[in-house]
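Chains, contacts and geometry: an overview
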Amino acid sequence: MQKLTVNLLNQLGLKTLDTPEAVRRQGNAYALNGEGKLVAVSMTGKDLDGLFLEEDCATLEHLYLGRNEKLSKFEFRAALPKLIHLYLNDCALTTLIIPVTFNALKQLYVQGNQLEELVFEGDCPELELLDGSGNGMKSLVMPDGFRQLKYIHLQKNQLESLPECFVGMRQLDMLFLAGNPLTTISQD
C-alpha cells in the first residue's frame, strides 16, 4: 500500500492547480493550501492497488479516486475533519470503514465497487448524499444520527434489511433500493 503524499502525486504525474474547484473540473491534479498542505486530490485511473491516508492529509477537503479499478485496499489512519467530498467509485473495494471523525463529509460516492460491507463508525452529521449502488453489498452499518442525509442510492445490492437509523428520517428526499432482496421495510 502506498501513502498519499505530494511526492506520490508528483511521481504519478499529477498537476498542481490553484483551487479545489479546478482540481475537480480538470482531474488528475491536486491543490495545496497556503501552508503547502493538501486540500484537494483527483487521482483517477492510476492503477493504484492500495492507498492509506495519515496525518499529513488532515487538511483534505476533496478526494476523488474513482476509476482506480485495482484499488482494493483503502485505509484512513488519521482523522480527516475537513473532508467534504469522497469519491471512491468504480474501484475494487470489498469493505470500507468511515471513521467517526468525518464531521464535514457531505457526499460519499462508493458505487460500482465490490463492497460487501460499508460501516460508518459515526453519524457523519453533514452527510447529504450516499451512493453505494451496484456493489452487491450485504451489510450497511450506520448508527443513529445522519440529520442531513437527503439522497441515498443503494440499488443493485444484496441488502436484506436497512439500518435502524432509516426509521423516521424525515429529511430524506430520495431513497433508491431497487434490486435488493429486502425482507421487511419499516412503515415508520
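Everything below is about the structure shown above.
This one's a predicted model, so the numbers in the text were calculated from it and none came from an experiment. (Residues numbered from 1 in each chain as written. Predicted model: local features only at pLDDT ≥ 70, side-chain atom pairs only at ≥ 80, totals over all residues. Heavy atoms only, no water.)

1. A few points about the overall build of the protein chain
Rules: Here a strand is any run of E in DSSP of at least two residues, a helix any run of H or I of at least four, and the numbering for each starts at the N terminus. For this measure, only C-alpha atoms enter the radius of gyration; the expected value for a globule follows 2.2 Å times N^0.38, where N is the number of residues. The contact rule is simple, with two residues in contact once any of their heavy atoms fall within 4.5 Å. For accessible areas, the Shrake-Rupley method is used with a probe of radius 1.4 Å. Any residue's cover is judged against the shown protein chains and nothing else.
On a plain count of helices and strands, the protein chain comes out with two helices and 15 strands. For the protein chain, whose C-alpha radius of gyration is 17 Å, the value lies close to the compact-globule estimate of 16 Å for 188 residues. Excluding contacts between residues fewer than 6 apart, the proportion of contacts in the protein chain whose partners are at least 24 apart in sequence is 19%. Summed over all atoms, the accessible surface of the protein chain reaches about 9,000 Å², with 43% contributed by carbon and sulfur.

2. What to know about unusual backbone geometry
In this structure, Asn 28 is a non-glycine residue whose phi angle is positive, near 45°. Residue position: Asn 28 is located in the loop between helix 2 (20-26) and strand 3 (29-32).

3. Looking at the sheet that holds strand 2 (residues 15-17)
Rules: Only strands joined by at least two bridges in the DSSP assignment are considered to pair. A fitted line through C-alpha atoms serves as each axis, taken over the contacting stretch for helices, and the angle formed by two N-to-C directions is quoted from 0 to 180°.
The mixed open sheet is built from nine strands, whose spatial order is 2-3-4-6-8-10-12-14-15. Edge strands, defined here as strands with exactly one partner in the open sheet, are strand 2 and strand 15 (174-176). Neighbour to neighbour, the strand axes of the sheet diverge by 10° on average, direction disregarded. For strand 2 and strand 3, the ladder comprises three bridges, and the chain directions are parallel. Paired with Thr 16 across the two strands is Tyr 30, which belongs to strand 3.

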